Amino acid sequence: MRRSPAFEAFRYGAILLACAITLVPILWMVSMAFKPIAEWQATGADLTWFPKEPTLDNFRYIFGESGSNLIVALDRTAAKPILSSLLSASLGTLIAMAAGTSAAYGLSRFGAGGNLPLALIQLRLFPPMAVMIPVMMMWSFLNLMDTWWGLALIYGIVTLPFAFWLMKTFFDDMPREIEEAALVEGCSRGRVFWRITLPMMRAPLASASLFVFILNWSDYLIALLLTTREWVTIPVYMASLSSSMTGQLYGAKAALGLIAAVPPVVLGIMIQRHLVRGLTFGALKQ
Amino acid sequence: MTTAEIRKDMPTRPAAREADEGARLGLRLTLPAQLLVLFISVFPLLMQLYISLTDWSPLSGLGWPHAHEMWNGFANYVDVAGDGRLWSALGRTALVMAVCVPVEFLLGLALATLFADSFPGKRVFYSILIMPMMVVPAVAGYMFYMLFQSGGPVNDILSSLLGMPVTVAWLSDPMLAMLAVMVADIWQWTPLMFLILLAGLVGVPEDQMKAATLLGASPWQKFRTIVLPRMKTIIIIALAIRVIECFKIFDTLFIMTGGGPGVATETISVYIYKITTQDLIWGYVAAIALVILLVLSVACVWAMKRMARKGQPA
Amino acid sequence: MTAIRLENLVKRFGGFTALKTMDLSIGDGEFMALLGPSGCGKSTTMNMIAGMEEPSEGRILFGDRDMAGVAMGKRGVGFVFQNYAIFTHMTVRQNLDYGLRMARRSKAEIARRTAAIADLLQLGDLLDRPALGLSVNILQRVAIGRSAMMEPAIFLLDEPLSNVDAAFRAVMRTELKHIQREFRQTMVYVTHDQLEAMTMADRIAVMDHGVLQQVGTPLEVYNNPANVFVARFIGAPGMNLLPGVPVEGAEGLRIDLGALGRSVVLDAPLAAAARRAKGSVQFGFRPEQVELVSAGAGLGMTVGFVERIGARTIVHLERDGITAKAVFDNDTRVAVGDLVHLAPQPGALRLFDAESGAALRGI
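Focus on the interface of chain A and chain B
Working step 1: Taken residue by residue, the interface counts 95 residues in chain A and 85 residues in chain B.
Working step 2: Area buried by chain A at its contact with chain B is led by Leu125, Met129 and Ile133 of chain A, which between them contribute 8% of it.
Working step 3: Where chain A touches chain B, the interface holds 1 salt bridge.
Working step 4: Here chain A is connected to chain B by 11 residue pairs in polar contact (both at pLDDT 80 or more).
Working step 5: The dominant element in the side of chain A that touches chain B, judged by the number of residues it contributes, is helix H1 (residues 5–33) of chain A, at 17 residues.

So, in structure tokens, the structure goes:
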């Protein structure tokens, strides 16, 4: 549809404004991540949008090197938290996808587990804080506290609804003729699932997995409660960074924040086609 | 042969066996998920029911199975009703929801209408605009913490806009901190509304829009009489999702303000977090949790019934 | 109540030219059919008249007004889409009175006009039913009624009957014609069905591949097609076209049709036309206008297939790779494999230049 030039101008103006508002916080953090200590607390006229002397010191710092005599080198670097985030999010995704995909197939093709849709939505409905005490007790009892695999288990449970709903809509959309053809040939249903259906679902599985991974990686509250020292994840570690010398370690935290934020953003843009489906539990497809 | 005769001759077992096999496989497939759900619901529910009737705290030195030694009946529930701080926290949560969700909705809708037809660069702009909702909320909290520093960019921008120096201490002022928290939420979640509403918007058949134009309808009239009615379901879904998530708000807010200054930005999740980790009155927390669980369950069931009555799939 | 004039209309989509230099005049109150196969440019033309597309070149005039720059909603045209574009989330009544509601007319006027249209299109009982799920026959009438409510000077219909079932199509054809006469609107009707065009239109504009082939009354395009395309497209089945070469003889000019034999001597006007041909010609006659004659007096062909379709019998003929059809009444006895001889009726012959396809007219 052609629009009047006035409308086009307005449209671009509005969109550019929205993009600017969108990017300002992100760019500020990027900028901070590359600023040396001297520029962290600049105010007034000294406040610059871009580092006057960009440096990688902040990144070096969070991995253990102190480039300045103003702050003491960290004894606990960011390496382990990054590893923890990676491991817990990955295993959590695996758990959620394994359980969710199987259950979704079971419901889609056999009508099994009819209670799951409602139960899983209710799982997402309640504030996590309302169940964290029992979870802490259980995890403590099972020796899962402060471990990345303990985190992974709770992550798997908490993102199971998304995995389930996403895969269910994908399975529902998939025509049954191919499976039925294989069945007529004499394949058992189990083999059909493993050898035929799943390979066909490679792309949706990948997208769903990335979606769930982003959710797991982005968690803060659960890690805050279930990890204390050994296996804290990036967000928890970030909050704990401080120095008595310079107050808040703005640059270092910004560098860390950048490391934490980049993967989900990149992955999210890669799977943007499926975001609507995932976020609305399959009610809408893009 | 008649159909009946043919059917009698056909072996019935393979079909039945197949159905059986299917049911068994279905059971096996859904079992892991069922177990996980059970795991996270049965024990927590029972445990919380139990300790909510006691005055138990991990500080008491007793293991939680012995909580019954600190029995206090429904005292915790009575306290919940009278807990001023709790109700204030709920009020603040409601305030955040009441402001943020409509703003996010309107902004998202406005953006969606701008993206309804194609134009050069659409893909790129779209990718940029959806970025905020993919930023780790805790990191977003830190980003806005930095932005709202008294010497920070927000004041800097305001200074240039207003032509005079602005050195407001956002996060130290109760009302401004609340405002800052809302701004952060709106920044992060408007893209979600935008995403969902755009998907709904494109679902409106183009032919009907053309027909309406030919009948003399103005853009606003078309929006009101055709676009919005057809988007009703999607709008409800988007609002429901956002309202639910907004109720749970924690990460961004907590890192920005810690619930402060004082309790100025203490929402329900923050409040529960604090009394869980600082005051450690877990019996009481369990009572709160159960009340919330109960209210939300009832609301959920009511909503589902209402949708089923309207003939819409859950 | 308005005449339409298309001047030098061209429409390009990127590198593809959908409409090539079209000139057409549609009279005030005339029913004009735009007829042609898919992709001929008829819908594109109509979209430009409605204002949904802008011409790449040329002008569109309603009466004396140049429509360039006049927006879609302001042209005062009624438009019926091929798939009706009914507002499925509204009732029938809300569909019908949509235009008047948007124009903020008085409730009384809206009610009066709705009742009148509903009466005319027999929608009275259905007014308060939701439009969703109604049969296509009803939806079609609602679509027409919705546009008619605005009493547009010009009514545009884009293949409105293609989704309607055959039985109902005949009914709708009469109804549409009736509406047009009643409101005396200028109606432009796009269709690929030549029968529809022939029965309903005052004049037909035959189009192919973006080029206007011929404009004329149904009888004109039937009797005097301007080229081979029109000859074949109009009529069911279309005109037979047999390749031949004009041959001068003692008695006059005949057309040599190869294995089929020779035609009769052409009368003076036709002969003159044939002489103007640059080489071979296409020898044309309508399947309905032949007679069976004895051997030696006509064109010999073998019967390949006989279609008995109730009222008539269509015989498919073949000779040496050349095919033709003949339409007879049911008394005629022919069997597959028979060798028959056909003679076109006097006055039925048409000649076309084999190279250009244009009709060769005798003057």
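So, the sheet that holds strand S10 (residues 211–216) of chain C
Sheet strands line up and pair through hydrogen bonds in the backbone, either parallel or antiparallel.
Residues and elements named next belong to chain C.
Working step 1: Within the open sheet, the 6 strands sit side by side as S6-S7-S8-S3-S9-S10. Their pairing is mixed. With partners counted over all chains shown, the strands left at the sheet margins are strand S6 (77–80) and S10, one partner each. Here the strands of the sheet are splayed against their neighbours by 15° on average, with no regard to which way each runs.
Working step 2: Note: S6 against strand S7 (residues 154–158), 4 bridges, orientation parallel. For Val80, the partnering residue across the bridge sits in S7 and is Leu157.
Working step 3: Each of strand S3 (31–35), S6, S7, strand S8 (186–191) and strand S9 (203–208) touches helix H1 (residues 42–50); the most contacted strand, S7, lies at about 145° to it.
Working step 4: Contacting S6 and S7, helix H5 (residues 136–148) crosses the sheet at an angle of about 170° to S6.

Observations regarding the confidence of the model for chain A
Working step 1: When pLDDT is averaged along chain A, the result is 86, and 93% of the positions lie at 70 or above.
Working step 2: Within chain A, the lowest mean pLDDT, 76, falls on helix H2 (residues 37–40) of chain A, and the highest, 94, falls on helix H7 (residues 148–158) of chain A.

Looking at the domain arrangement of chain C
Residue and element names in this part refer to chain C.
Working step 1: Domain parsing of chain C yields domain 1 (4–232) and domain 2 (236–353).
Working step 2: The C-alpha centroid of domain 2 is placed 38 Å from the C-alpha centroid of domain 1.
Working step 3: Of the residues lining the interface, 11 residues belong to domain 1; the matching set on domain 2 comes to 9 residues.
Working step 4: In this assembly, domain 1 packs against domain 2 so that about 860 Å² is buried in total across both faces, 50% of it on carbon and sulfur atoms.
Working step 5: When the area that domain 1 buries against domain 2 is broken down by residue, the three leading residues are Tyr222, Ala231 and Arg232, summing to 53%.
Working step 6: Summed over the shared surface of domain 1 and domain 2, the result is 0 salt bridges.
Working step 7: There are 5 residue pairs in polar contact (both at pLDDT 80 or more) connecting domain 1 and domain 2.
Working step 8: Among the elements of the structure, helix H8 (218–223) and helix H9 (228–233) are those that each provide at least two residues to the side of domain 1 that touches domain 2.
Working step 9: Looking at the side of domain 1 that touches domain 2 residue by residue, the class counts come to 6 nonpolar, 4 polar and 1 charged.

As for the pairing of strand S13 (residues 281–285) of chain C
All names here are of chain C.
Working step 1: By the criterion of burial, S13 is predominantly enclosed, with 5 of the 5 residues buried.
Working step 2: Residues of S13 alternate between two faces, with Val281, Phe283 and Phe285 on one and Gln282 and Gly284 on the opposite face, all of them buried.
Working step 3: As defined by bridge partners, strand S11 (residues 240–248) adjoins S13 across 5 bridges and the pair is classed as antiparallel. Within S13, the position partnered with Asn240 by the bridge is Phe285.

Things to note about the interface of chain C and chain B
Working step 1: On the side of chain B, 16 residues touch chain C, which itself brings 21 residues to the contact.
Working step 2: Together, the buried faces of chain C and chain B total about 1600 Å²; carbon and sulfur atoms form 65% of this surface.
Working step 3: The tally of links from chain C across to chain B stands at 0 salt bridges.
Working step 4: At the junction of chain C and chain B, the tally comes to 7 residue pairs in polar contact (both at pLDDT 80 or more).
Working step 5: Those elements giving two or more residues to the side of chain C that touches chain B turn out to be S6, helix H3 (98–102) and H5 of chain C.
Working step 6: By residue class, the composition of the side of chain C that touches chain B is 13 nonpolar, 6 polar and 2 charged.

Regarding the sheet that holds S11 of chain C
Working step 1: Here 5 strands make up an open sheet; going across it, the order is S12-S11-S13-S19-S20 (chain C) and the pairing antiparallel. A strand with exactly one partner marks an edge of an open sheet, and here the two such strands are strand S12 (253–256) and strand S20 (359–360) of chain C.

Digging into the environment of Leu215 of chain A
All names here are of chain A.
Working step 1: Assignment of secondary structure puts Leu215 in helix H11 (residues 202–217).
Working step 2: In this structure Leu215 comes out as partly exposed when scored by relative accessible area, which is 29%.
Working step 3: Counting along the chain gives 57 residues from Leu215 to Val158, while the straight-line C-alpha distance between them is 9.5 Å.
Working step 4: Setting aside anything within four residues of it in sequence, one finds Leu215 in contact with Thr159 and Phe162.

Calculation notes
- Numbers given for residues are sequential positions, taken from 1 along each chain in its written order.
- Here the convention is simple: chains get letters from A, ligands get numbers from 1, in the order in which they are written.
- In keeping with the model being predicted, local features are shown solely for residues with a pLDDT of at least 70 and side-chain atom pairs are shown and tallied solely at 80 or more, while totals for entire chains, interfaces and linings include all residues.
- With hydrogens and water set aside, each side-chain value is computed from the structure's full complement of heavy atoms.
- By the convention used here, residues are in contact when the closest approach between their heavy atoms is within 4.5 Å.
- Buried area: the accessible surface (1.4 Å probe) lost by two parts on joining, summed over both.
- A side-chain nitrogen of Lys or Arg and a carboxyl oxygen of Asp or Glu constitute a salt bridge if their distance falls within 4 Å.
- Any pair of N or O atoms that falls within 3.5 Å is considered a polar contact. Within protein, one atom must be able to donate a hydrogen and the other to accept it, and sequence-neighbouring residues count only if both atoms are side-chain atoms.
- Helix numbers and strand numbers start at the N terminus; a helix is a DSSP run of H or I with at least 4 residues, a strand a run of E with at least 2.
- Criterion used throughout: strands pair if DSSP finds at least two bridges between them.
- Axes here mean lines fitted to C-alpha atoms, for a helix over just the part in contact, with angles spanning 0 to 180 degrees between N-to-C directions.
- In predicted models, pLDDT denotes the confidence assigned by the predictor to each residue on a 0 to 100 scale.
- Those domain boundaries reflect an automatic or database domain assignment.
- For this classification, Asp, Glu, Lys and Arg are treated as charged, while Ala, Val, Leu, Ile, Met, Phe, Trp, Tyr, Cys and Pro are nonpolar and the rest, including Gly, are polar.
- For every residue, the accessible area obtained with a 1.4 Å probe (protein chains only) is divided by the maximum for its type, and the residue is called buried under 20%, exposed over 50%, and partly exposed between those limits.

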